[in-house]
Amino acid sequence: MKRRWFVLVGLLVIALQSAILVAFGFPSPADPATALLLGGMTLAGCSFVLGGFDRRLGGVEWYQFVGVGNVLVGVSVALGQLIPVLTGPTAYDSSTLLALVVFAVVGGGSIVFIGADWVRGGHHFDLSVFEPGPILASGTGKRN
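Here is what the cut-offs are and how they apply
Residues numbered from 1 in each chain as written. Predicted model: local features only at pLDDT ≥ 70, side-chain atom pairs only at ≥ 80, totals over all residues. Heavy atoms only, no water. Helix = DSSP H or I, 4+ residues; strand = E, 2+ residues; numbered from the N terminus. Contact = heavy atoms within 4.5 Å. Buried < 20%, exposed > 50% of the residue type's maximum accessible area, 1.4 Å probe, protein only. Core = buried A, V, L, I, M, F, W, Y, C linked by side-chain atoms within 4.5 Å. Expected span 1.5 Å × (residues − 1). Phe/Tyr/Trp six-rings, centres within 6.5 Å; stacked < 30°, edge-to-face > 60°.

1. Describing the environment of Ile 114
- In this structure, Ile 114 sits in helix H4 (residues 94-120).
- Sequence separation between Ile 114 and Phe 125 is eleven residues; the distance between their C-alpha atoms is 7.8 Å.
- Setting aside residues no more than four positions away along its own chain, Ile 114 makes contact with Asn 70 and Phe 125.

Encoded structure:
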């Protein structure tokens, strides 16, 4: 897989968040979960875009940007479902709500684990399968 696909993923995430803001407006201060979800996903998209370029930026490697993006996605998903449960009534009944929160926390936690591993340099996931794209410089990916 080419690393440049992370640029496309990041731009799609940013475009989706922008479309949601245009369609529904900015979330009210009384709804921190929506603000957290939209803000976190937008920052994740920016991080994916930076990671899609095959270079270092300020001493940070491409895979560390992608890892931070994954961590932001995981935290945003988990907290976006958990905060409404902790702050007040929701539109879901108790069994649906419990399943939704469990799936969001487990799924978000998995994405956070993957992102944290990418930030560390891919000890559990092989980053060398992401071959360098033609954008900017060339390289093998994982640094030793």
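Following the structure, the description resumes.
2. Some words on the side chain of Ser 47
- Examined against the element boundaries, Ser 47 turns out to sit in helix H2 (residues 32-52).
- Judged by relative accessible area, which is 6%, Ser 47 ranks as buried.
- Among residues more than four places away in sequence, those in contact with Ser 47 are Phe 65, Val 66, Val 68 and Gly 69.

3. Here we look at the side chain of Asp 117
- Along the polypeptide, Asp 117 turns up in helix H4.
- Here Asp 117 is in contact with Gly 122, His 123, His 124 and Phe 125, once residues within four sequence places are set aside.

4. A few points about the nonpolar core
- Among the nonpolar cores identified, the biggest contains twelve residues, and these are Phe 6, Val 13, Met 41, Ala 44, Phe 48, Trp 62, Tyr 63, Val 66, Val 73, Trp 118, Leu 127 and Phe 130.
- Put simply, the parts of the chain that give this core at least two residues each are helix H1 (5-24), H2 and helix H3 (62-87).
- Broken down by element, the residue count for this core peaks at four residues, all from H3.
- Not counting residues within four places of it along the chain, the set of residues in contact with Met 41 comprises Val 13, Gln 17, Val 73 and Ser 76.

5. A closer look at the environment of Asn 70
- Following the sequence through the fold, Asn 70 ends up in helix H3.
- Expressed as a C-alpha distance, the spacing of Asn 70 and Phe 113, which sit 43 residues apart in the sequence, is 8.6 Å.
- Discounting chain neighbours no more than four positions away, the residues touching Asn 70 are Phe 48, Ile 111, Val 112, Ile 114 and Gly 115.

6. Side note on H1
- End to end, H1 covers 29 Å across 20 residues, agreeing with the expected 28 Å (1.5 Å per residue, within 8%).
- Those residues of H1 that are buried lie in contact with H2, H3 and H4.
- Positioned one or two residues after H1, Gly 25 has a phi angle of 85°, which is positive.

7. Topic: the packing of aromatic side chains
- Within the structure shown, the criterion is met by five aromatic pairs.
- Seen in terms of ring centroids, Trp 62 and Trp 118 are 5.9 Å apart; in terms of plane orientation they differ by 85°. Their pairing is edge-to-face. Of this pair, Trp 62 sits in helix H3 while Trp 118 sits in helix H4; the two residues are 56 residues apart in sequence, bridging distant segments of the chain.
- Judged by its relative accessible area of 7%, Trp 118 falls in the buried class.
- Three or more aromatic residues joined by ring pairs make a cluster, and in this case those are Phe 6, Phe 48, Trp 62, Tyr 63 and Trp 118.

8. Quick word on H4
- An ideal rise of 1.5 Å per residue puts 39 Å on 27 residues; H4 measures up with 38 Å between its terminal C-alpha atoms.
- In the core, the buried residues of H4 are packed alongside H1 and H3.
- Gly 121 sits one or two positions beyond H4 and adopts a positive phi of about 115°.

Everything listed here is a matter of geometry and, on its own, says nothing about what the molecule does.
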